[in-house]
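Coordinates in review
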Amino acid sequence: MSDAEHNIPILSSGPQLNKRSCSRCSQRKVRCDKVYPCSACVKAEVECTFPGPKRARRTLNRPPVSELLTRLKLLEEEVGQLRSTRRNPDTDHTPELDDHPNLPKTAKKTELLVLKEGKSRYVSDEASVVLGQKISELRDIIESSSDEEFCSPDVKYSPIILPEGGLLGNHESTWSLDSFRLHYCQPARLDALWRTYRENVAPLIVILHQPTMAKIVQDACAGVELTPSDEALLFSVCYAAVVSMKAHTCHSILNTDRDTATQDLKKAVSWGLRRANFIGSQSLSALQAAVLFLLCSRVGGDTRLVWAESAVVIRVAQAQGVHRDGQNFALPPLETELRRRLWWHICLLDMLSSEDQGVDTQIRSEMFDTQFPSNVDDDDIALDMKDQPLPKTGFTNTTICIMNCQVMNEMLWPRQGGYSDMSTHARENLITALGKNLHEQYIDHFNLDIPIHWVIATIVRLQLSKAWLATHFQSEGSDMQTFRHDDRIFETAVELVQFSYLLQTNEGTLQWSWLCKSYKEWHVVAFILSELCLRPLSPETDHAWDVVTKMYGLWQQDMPQTDAMLQKPLDRLMARTASSRAGSQGQDSQTPFSREALSDMSDVSFGLGGDPDSDLLFSGLDWLAGSLF
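Residue indices follow the written sequence of each chain, beginning from 1 at its first position. Given that this is a predicted model, residues contribute local features only at a pLDDT of at least 70 and side-chain atom pairs are listed and counted only at 80 or more, while totals for whole chains, interfaces and linings are drawn from all residues. Excluded from the side-chain calculation are hydrogens and water; included are all heavy atoms of the structure.

1. Describing the overall build of the protein
We count a stretch as a helix when DSSP gives it H or I for four or more residues in a row; a strand needs E for two or more, and each element gets its number in order from the N terminus. Per the secondary structure count, the protein includes 26 helices and 2 strands. Within the protein, buried positions represent 45% of all 629 residues. Whether two residues are in contact is decided by their heavy atoms: any pair within 4.5 Å suffices. Excluding contacts between residues fewer than 6 apart, the proportion of contacts in the protein whose partners are at least 24 apart in sequence is 72%. Computed by Shrake-Rupley with a 1.4 Å probe, the accessible areas treat only the displayed protein chains as cover when residues are assessed. When the accessible surface of the protein is totalled, it reaches about 32,300 Å², and 51% of it is carbon and sulfur. Note on exposure labels: buried denotes an accessible area under 20% of the residue type's maximum, exposed denotes more than 50%, and partly exposed covers the range between, all computed with a 1.4 Å probe on protein chains only.

Printed below as a string of structure tokens:
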């Protein structure tokens, strides 16, 4: 047999190295000296062979295409099954897992809510898994610890004190709670403040159960010592009443100017929540006091501080399990309703304060399963009730809360299936469906000759129109030219601002205008101003300029300093628009922009009339009445 047949290289007179290792060394993955025969093969006394000059073709271990397609199909089916068994945000449980006969009982959700003497403690499913206890053992642990914390008078806990500048402001050492009580907590004044709250605040902010709160006010007037949490809630109610008052009314009731009363009550609420150990407390009253206070503090207050403090409120609410529906834990109907009202007003606070600062909300729909409140009046539900009351049709104490809940649920949080990926037309259809539903369930049953019915209906329809505009604002980048010259969008924006102004200045509904003033359509006004810089002069643009200047002048009357980051861009946009219009009219375009002039213009009527019994009412929202509903 020749050397070539044995793959043995032909050697020259001198040592010649092979380019590759011998076959045996390659198989053993050891170093080869690449001479023939190599030292490793000589030592092992085996034949040494080297591969040919060309590398052998590798055999690919790739499976055939048919096998890959089969495996891909199986993976897709498995992913589909996993998606179908994900938690449903509305119920926050996995039916396939809960009902599976082969799974042990411990695989089911083991969340707990312990309620005792008006206090609550919540343990989430994740926490219970970490504790590693069975459901019965975990309940015993929580209930026994709750008994010690709730009932033992000997157990003392250090209250959690926030640093200076923390939740609800600082405490001044010169401020006296006793002096405050002596002046503000006189029975006649408490009764007048409670009456003002029921007339001006309760129809718009439906957090409390009025018969329950009336008992607290009655006890305070009778000199009964209140718990720290109930006293903090009483102070918060008084604060809300003062914020809703006109200056002359406040002085006639409290014999104190409105600004002084507001500051005194701010300190009282802050002091009361500290005494109630708000963060460490498990009292629903303390949480109600904080939420009511922050919602009212947005009116002419430090909106950035409200935004920061609302994050603390959300955490305290989660600690108390308010984000879990009371029916899941068989709570009494009144307790369930109060927790529902409270949680959804926390969602509203999160939405409004986030809008003030231009940031996303902290709360997401998948974080909670608390249902909407029932459409019932406060008198329809009592402490001793055993069964949930049947909802009514049309207007009740809680209707505005429910409609706000539905708007938030449908418009604020991304819908399943990807709301952000929906087309503008699809989003319009979504708003149309929501509007029709709200009309059929509630608004069509309103009596718009009743001022509060008109106010609530207008608020909701303005929210819908704002959502309709937002669908087009968000699609601006895709078709700028069409967006810019769409008269329907421009006219709708002007109409929204016009009715928002009317809502704040209508003589027949002024007792609720204090809260309406805190809802500022920043983005809508900015859009109108940018359009006015591009559109030629016309009766329509003249009317739009009158609308935005009147609204902007109204804003100047109670603009907080902390809104400067929004104020400065609008100042520049207003000045640019005024300059552009002056140039188009052949006037001096260098004329400075005057805020004082705007403030004076805020008192000018639109010519729409201020009488709530006039024919205007709702008919002005023609685009809603026609194309949407």
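Back to the write-up after that little detour.
2. Topic: the UniProt feature "domain: Zn(2)-C6 fungal-type" (unreviewed entry) in the protein
UniProt positions are given in the numbering used here, feature names are shortened, and annotations may be inferred rather than shown by experiment. Per the UniProt record, "domain: Zn(2)-C6 fungal-type" (unreviewed entry) is found at residues 21–50. A helix fraction of 40% and a strand fraction of 0% characterise residues 21–50, whose end C-alpha atoms lie 7 Å from each other.

3. Let's talk about the pattern of salt bridges
Opposite charge on two side chains permits them to pair, given that their charged atoms come into close proximity. Think of a salt bridge as a Lys or Arg side-chain nitrogen and an Asp or Glu carboxyl oxygen that are within 4 Å of each other. One pass over the full model with this rule turns up 18 salt bridges. Linking Arg 275 and Glu 231 is a salt bridge whose minimum nitrogen-to-oxygen distance equals 2.7 Å. With a gap of 44 residues between them, Arg 275 in helix H12 (residues 258–275) and Glu 231 in helix H10 (residues 228–244) connect regions that are remote in the sequence. For Arg 275, a relative accessible area of 38% gives the class partly exposed. Of the charged contacts, one joins Asp 542 and Arg 581 as a salt bridge, the two residues approaching to 2.6 Å between their closest N and O atoms. Placement of Asp 542 in helix H23 (residues 539–556) and of Arg 581 in helix H24 (residues 564–584) is noted, with a sequence separation of 39 residues between them. Asp 542 gets classed as partly exposed once you look at its relative accessible area, which sits at 31%. One salt-bridge network, held together by shared partners, links Asp 178, Arg 181, Glu 231 and Arg 275.

4. So, a nonpolar patch on the surface
Patches here are clusters of residues that have more than 30% relative accessible area and form no salt bridge, with a 9 Å joining cutoff for like charges and a 5 Å cutoff for nonpolar side chains (Val, Leu, Ile, Met, Phe, Trp, Tyr). Together, Val 65, Leu 69 and Leu 72 give the surface a local cluster of nonpolar side chains, amounting to about 300 Å² of exposed area. Along the chain, Leu 72 turns up in helix H3 (residues 65–84).

5. Section: the environment of Phe 180
Take Phe 180: it is sitting in helix H7 (residues 177–184). For the pair formed by Phe 180 and Lys 267, sequence separation is 87 residues and the distance between their alpha carbons is 9.5 Å. Once residues within four sequence positions are removed from consideration, Phe 180 is found in contact with Trp 175, Cys 185, Phe 235, Asp 264, Leu 265 and Ala 268.

6. As for the packing of helix H15 (residues 333–357) against helix H16 (residues 399–412)
Axis geometry follows a simple rule: fit a line to the C-alpha atoms, using only the stretch in contact for helices, then measure angles between N-to-C directions, giving values from 0 to 180 degrees. Remark: H15 packs on H16, axes separated minimally by 10 Å, with the N-to-C direction vectors making an angle of 55°. By the angle between their axes, H15 is oblique relative to H16. Handedness of the H15/H16 crossing: left-handed. For the pair formed by H15 and H16, the contact residues are Trp 344, His 345, Cys 347, Leu 348 and Met 351 on the first element and Cys 401, Cys 405, Met 408 and Leu 412 on the second. For this classification, Asp, Glu, Lys and Arg are treated as charged, while Ala, Val, Leu, Ile, Met, Phe, Trp, Tyr, Cys and Pro are nonpolar and the rest, including Gly, are polar. When the residues that make up the contact of H15 with H16 are grouped by side-chain class, the tally is 8 nonpolar, 1 polar and no charged. In what follows, roughly perpendicular refers to angles from 65 to 115 degrees, roughly parallel to angles under 35, roughly antiparallel to angles over 145, and oblique to any angle outside these ranges. Crossing handedness is defined as follows: a turn of the near helix away from the far one that is anticlockwise and smaller than a right angle gives a left-handed crossing, while the clockwise case is right-handed.

7. Structural notes on the packing of aromatic side chains
Side-chain rings of Phe, Tyr and Trp, where Trp is taken by its six-membered ring, are said to pair if the distance between their centres is within 6.5 Å; with planes under 30 degrees apart they count as stacked, over 60 as edge-to-face, and otherwise as tilted. Inspection of the entire model under this criterion finds 11 aromatic pairs. Between Tyr 239 and Phe 293, the ring centres sit 4.8 Å apart and the planes meet at 40°, which makes this aromatic pair tilted. Of this pair, Tyr 239 sits in helix H10 while Phe 293 sits in helix H13 (residues 284–297), and the two are 54 residues apart along the sequence. The pair formed by Tyr 239 and Phe 293 is uniform in burial state, with each residue classed as buried. Ring plane angle 55° and centroid distance 5.5 Å describe the contact between Trp 343 and Phe 368, whose orientation is recorded as tilted. Of this pair, Trp 343 sits in helix H15 while Phe 368 is found in the loop between H15 and H16, placing the two residues 25 residues apart along the sequence. Comparing Trp 343 with Phe 368 shows no difference in burial state: the two are buried.

8. Here we look at the nonpolar core
For our purposes a nonpolar core is just a set of buried Ala, Val, Leu, Ile, Met, Phe, Trp, Tyr and Cys residues, chained together by side-chain atoms within 4.5 Å. In terms of nonpolar packing, the biggest core is built from 136 residues, with Tyr 197, Leu 287, Ile 346 and Ile 528 touching the most fellow members. At 12 residues, the largest contribution of residues to this core is made by helix H18 (residues 451–474). The residues contacting Tyr 197, other than those within four sequence positions of it, are Ala 202, Pro 203, Ile 205, Leu 208, Val 237, Ala 240, Ala 241 and Leu 292. Membership of the second largest hydrophobic core comes to 7 residues, among which are Cys 22, Cys 25, Cys 38 and Cys 48.

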